[in-house]
Amino acid sequence: GKMTREVLCGAELLCDRRCTKLRSCTRHPCKRRCCDGSSCPPCEEKCGRWLKCGNHKCPAPCHAGPCRPCPLTVSFQCACGQGQYSVPCGAESKVIAPRCNNPCPVPGLCRHAQQSGTVRHRCHYGPCPPCMQPCGTPLPCGHLCPVPGCHDPPPPA
């Protein structure tokens, strides 16, 4: 033994030494009492390292080597609900959304949206684009507003 100790006769002898050898994951110590270091059990903790997606931690039991890719997917739906797609978690910014050819169902907030004959924009993923109609508001001097783009409030997200 590595350690000796005197105890009263009849008292139960317990080993206080804890194993400091790293488990098979090479990240966590064994910590078992009286373990000689040759029979350490596999690590039971969660891995917990950040996955490459940057959004989640590894849910697998602790392991050596790199983690598997994130098992989750992110789903997107266009404004009209007809177009849907899913991408692996972490790839949202790298993927170009498919086109939806339906008109956007979100009513615009600017006055151009209420005018008859105004061409509505195509359905999309994410917030509506700003109105691109020329302002044309009559000014007190009698001229029309010269700003080339609408400066009414943007449509809701």
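What comes next concerns the included structure. (Residues numbered from 1 in each chain as written. Predicted model: local features only at pLDDT ≥ 70, side-chain atom pairs only at ≥ 80, totals over all residues. Heavy atoms only, no water.)

Looking at the pairing of strand β1 (residues 73-77)
Alright, step 1. Direction of pairing for β1 relative to strand β2 (residues 84-88): antiparallel, over a ladder of 5 bridges. Bridged to Phe 76 within β2 is Tyr 85. (Pairing = 2+ DSSP bridges. Helix = DSSP H or I, 4+ residues; strand = E, 2+ residues; numbered from the N terminus.)

Notes on the packing of aromatic side chains
Alright, step 1. In the structure shown here, the tally under the stated rule is 2 aromatic pairs.
Alright, step 2. Ring geometry for Phe 76 and Tyr 85: centres 5.2 Å apart, planes at 20 degrees, overall stacked.
Alright, step 3. Judged by its relative accessible area of 16%, Tyr 85 falls in the buried class.
Alright, step 4. Between Tyr 85 and Tyr 125 the ring centres are 5.1 Å apart and the planes differ by 85 degrees, which places this aromatic pair in the edge-to-face class. Taken together, the residues span a long stretch of sequence, with Tyr 85 in strand β2 and Tyr 125 in the segment after α1 (111-114) at a distance of 40 residues. (Phe/Tyr/Trp six-rings, centres within 6.5 Å; stacked < 30°, edge-to-face > 60°. Buried < 20%, exposed > 50% of the residue type's maximum accessible area, 1.4 Å probe, protein only.)

Comments concerning the pairing of β2
Alright, step 1. Here β2 shows a buried face lined by Tyr 85 and Val 87 and an unburied face lined by Gln 84, Ser 86 and Pro 88.
Alright, step 2. The antiparallel pairing of β1 with β2 creates a hairpin that spans 6 residues between the two strands, and Gly 81 there sits at a positive phi of about 90 degrees.

Side note on the state of the cysteines
Alright, step 1. Throughout the structure, instances matching the rule amount to 0 disulfides.
Alright, step 2. Here Cys 58 stays unpaired: no disulfide links it, and the sulfur of Cys 67, its closest cysteine neighbor, is 3.8 Å away.
Alright, step 3. Judged by its relative accessible area of 6%, Cys 58 falls in the buried class.
Alright, step 4. No disulfide involves Cys 123; its sulfur sits 3.6 Å from the nearest other cysteine sulfur, which is in Cys 78. (Disulfide = S-S within 2.5 Å.)

Some points on unusual backbone geometry
Alright, step 1. Look at Lys 31: it is not a glycine, yet its phi comes out positive at around 65 degrees.
Alright, step 2. Tracing the chain through its elements places Lys 31 in the segment before β1.

Details of the side chain of His 28
Alright, step 1. Relative to the helices and strands, His 28 is located in the segment before β1.
Alright, step 2. In terms of polar contacts, His 28 uses its side chain to reach the side chain of Glu 45, at 3.4 Å.
Alright, step 3. Once residues lying within four places of it in the same chain are set aside, the contact partners of His 28 are Lys 21, Leu 22, Arg 23, Cys 43, Glu 45 and Cys 62. (Polar contact = N/O pair within 3.5 Å; in protein donor to acceptor, adjacent residues only side chain to side chain. Contact = heavy atoms within 4.5 Å.)

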